[in-house]
Amino acid sequence: MDKNLTVKDIILSFKNRANEHIIKDVVCSLGYDISGEMGGKWTVKIDKGKVIIEDGLNDPDVVISMNDEDFISFTLGKLDPVNAISAGRLKITGDAQIAQQSAKFFKKYQIDNGEEREELVRLRKILSIPQRFSTGEVMGFFLNNLKKKKIMANKCPKCGRMQCPPREVCAICKVEASEWVEVGPEGRLTVADIVFYASPDPLTGEIRKTPYITAYILLDGCEDPDTFWHEIDPDTPHEKLKRGVRVRPVWNEKRTGAITDIKYFELVED
Amino acid sequence: MEKIGICAFSQTSVESDKWYQRFQEMAFEVVKDLLEQTSLDFSDSGIEMTISVSDDVFDARTISDNAMTDVLGAHYRCEEKVAQEGLQAIYYACSVINSGIADVVMVVGHCKESQAKSRNMVTHMAFDPFYARPVGLDFQIAAALQAQTFLDRANIGEDELAQIVVRARERGSKNVLYPNLTPVSVEEVIASKYLAKPIRELHAYPVSDGAVGFILASEKKAKEICKDPVWVTGVGCSMDTYFPGNGDLINLGSLKKAVSRTLDRANTSLDSIDIYEFSDQYAYQLPLYLTNLGFCNLEDVSSFIKNGGLDEKNINLSGGMLIGAPLILGGLFRVVEAIKQLKGISENQIQDPKTAIVQSSMGPAAQFNSAVVLSRDN
């Protein structure tokens with residue numbers, strides 16, 4: 001870290017770093033309460049394009065509190081604000097939304113070391129190759145049965161385990177699993193997880209709603225650990241997602257032979 | 001090197017669109033056949049290691065071998081992957097066996113070229129995003145640049161290229177495992193449309209789906225597993241630059257080095273080999289390889305082809321890769337054909353061959369080459 005860089009330098013630089021086109025209609029004030037040797041208290045007022053820096057906390061809309069070294073790291077992009085918050089190293093008091101938006105109010109801090117650094121090029125590309133995936137006999141049979149609201153497992157002729165979703169072989173016994181048995185449609189939840197982010201569909205760019213609930217379900221007729229991977233109704237109260245609760249599938253009206261022909265599983269209320 | 005025995009071989013049919021199978025099923029078909037032929041199982045006294053050959057981008061899955069372990073009998077066992085050209089799996093198996101890590105190794109490769117909208121989109125991805133992709137390179141276009149260089153410098157033209165395709169298809173059509181392959185005439189080849197000049201549609205190997213596999217074992221173990229193993233007596237490979245423009249497009253250093261290393265390890269010479277199987281993805285490649293390996297030179301390559309040099313020297317008796325094989329499995333499918341000749345069971349059988357060399361290439365303009373020498377007991 002640049003030893004000559006001080007907290008005050010950074011605070012004063014807000015004036016020159018303003019993104020004027022972004023703050024031209026913004027009126028707000030940000031307080032900085034920085035502890036440590038280099039610390040101090042400042043208020044950065046934004047008034048329709050103008051940036052005014054005052055000493056002390058003068059009734060700002062939000063106060064950002066952290067120690068001096070963290071503040072410098074944060075400014076240089078070496079400390080992730082989300083991690084810093086969860087680690088208790090960054091505290092936000094007041095209107096957190098303003099704090100969040102303020103990232104866009106100012107350009108990134110650049111260390112002036114007297115040298116001009118040539119800007120290197122970074123390319124943005126999307127990699128995509130359209131695919132046509134065959135399902136084959138086993139997967140194809142299973143998926144076709146979903147159209148008929150039937151969940152099929154295939155049985156290992158050696159150990160008797162019921163594989164659902166079915167695979168060509170029992171990996172454990174290393175033999176072909178050829179006997180079909182209908183299982184479920186109800187089962188028991190073995191584990192559920194609430195997911196707060198979603199990866200976009202690589203082809204459509206569509207991003208599903210979050211949070212969603214992903215789950216392992218032991219369908220009736222199958223034995224642990226041969227669970228089925230699906231989703232639980234996202235509106236289910238999270239405290240009800242207990243191991244062992246009974247669930248049943250909710251089928252889509254229009255079924256195409258896809259794992260999503262089952263919309264999700266819902267809890268069977270007693 | 002210590003010779004390694006190939007105790008069994010198997011392949012699926014090679015088709016342009018195996019819509020009815022997912023790639024796990026193709027591989028499983030091969031595995032079942034190999035187990036049946038050898039009566040081996042996946043125990044410590046059976047197949048100790050599996051080496052799979054697949055490609056992440058062709059399979060559209062990262063770490064593509066992860067999806068294969070179940071059907072390859074690799075659950076809780078040792079599975080390794082080759083993402084280079086499949087012949088490298090034979091090299092790998094020989095290394096494993098000769099180092100004493102395992103006595104019996106199964107090699108299985110799979111690829112469905114039909115899965116992607118175009119295999120050229122897949123090989124486009126092999127190039128870097130800065131220099132090459134934006135200017136539109138893929139393996140086929142790199143091949144076309146190489147072909148153009150070759151046609152400019154060698155005494156060879158449309159007629160000879162067409163003759164190579166006609167011969168390949170005629171020989172390949174005898175093989176029931178290539179059901180989509182039909183014989184063609186010289187006129188049809190010359191009339192087929194350009195893909196990337198001078199490469200025409202019929203100059204290119206067909207879009208191919210298929211799987212192929214082998215059981216390899218140490219000499220002692222191989223003799224226990226089967227009566228008449230075919231021996232791998234030499235393996236070798238060589239890599240040229242990633243930037244094809246930096247090399248001499250028709251002076252194939254990596255081909256020569258791969259072949260000479262392989263022959264040295266097998267303690268033999270090119271002239272002493274009975275049959276040659278080259279992985280020619282495009283019609284121009286076979287004569288290009290032959291000029292590089294000294295079968296003929298740039299001046300007499302035309303007369304070599306026209307006067308039946310290929311038949312006389314037992315080159316690509318099977319038809320070569322022009323009959324079809326997924327890109328990454330060209331070499332392994334050629335090994336199958338070489339073994340069939342050595343065992344006397346080929347559709348294009350010649351009398352009593354004892355040794356064979358198989359070559360394969362991968363990367364733009366045959367950047368990477370590998371080879372194996374095979375032989376049988378008298």
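Everything numeric in this text was worked out from a predicted model, so none of it was measured.

**A closer look at the domain arrangement of chain B**
Residues and elements named next belong to chain B.
Right, on to step 1. When its domains are assigned, chain B resolves into domain 1 (4-115 + 209-225) and domain 2 (137-202 + 233-378).
Right, on to step 2. Using C-alpha coordinates to define each centre, domain 1 is positioned 24 Å away from domain 2.
Right, on to step 3. Listed by partner, the interface residues are 30 residues for domain 1 and 36 residues for domain 2.
Right, on to step 4. For the pair domain 1 and domain 2, the interface holds 0 salt bridges.
Right, on to step 5. For the pair domain 1 and domain 2, the number of links is 8 residue pairs in polar contact (both at pLDDT 80 or more).
Right, on to step 6. Breaking the side of domain 1 that touches domain 2 down by element, the ones donating at least two residues are strand E1 (4-11), helix H3 (87-98), strand E4 (104-112) and strand E7 (209-218).

**Some details on the interface of chain B and chain A**
Right, on to step 1. Each partner contributes to the interface: chain B provides 31 residues, whereas chain A provides 21 residues.
Right, on to step 2. Between chain B and chain A we count 3 salt bridges in total.
Right, on to step 3. When the shortest N-O distance is used, the salt bridge between Arg22 of chain B and Glu168 of chain A registers 2.8 Å.
Right, on to step 4. Remark: the boundary between chain B and chain A carries 11 residue pairs in polar contact (both at pLDDT 80 or more).
Right, on to step 5. Elements with a minimum of two residues in the side of chain B that touches chain A: helix H1 (23-38), helix H2 (56-59) and helix H4 (119-124) of chain B.

**Overview of the pairing of strand E12 (residues 212-219) of chain A**
Residues and elements named next belong to chain A.
Right, on to step 1. With respect to burial, E12 is a largely interior element, 7 of its 8 residues being buried.
Right, on to step 2. With 8 bridges connecting them, strand E11 (residues 187-195) and E12 associate as antiparallel partners. Counterpart to Val195 in the pairing with E12 is Tyr212.

Conventions used here
- Residues numbered from 1 in each chain as written.
- Chains lettered and ligands numbered in written order.
- Predicted model: local features only at pLDDT ≥ 70, side-chain atom pairs only at ≥ 80, totals over all residues.
- Heavy atoms only, no water.
- Domains from an automatic or database assignment.
- Contact = heavy atoms within 4.5 Å.
- Salt bridge = Lys/Arg side-chain N within 4 Å of Asp/Glu carboxyl O.
- Polar contact = N/O pair within 3.5 Å; in protein donor to acceptor, adjacent residues only side chain to side chain.
- Helix = DSSP H or I, 4+ residues; strand = E, 2+ residues; numbered from the N terminus.
- Buried < 20%, exposed > 50% of the residue type's maximum accessible area, 1.4 Å probe, protein only.
- Pairing = 2+ DSSP bridges.

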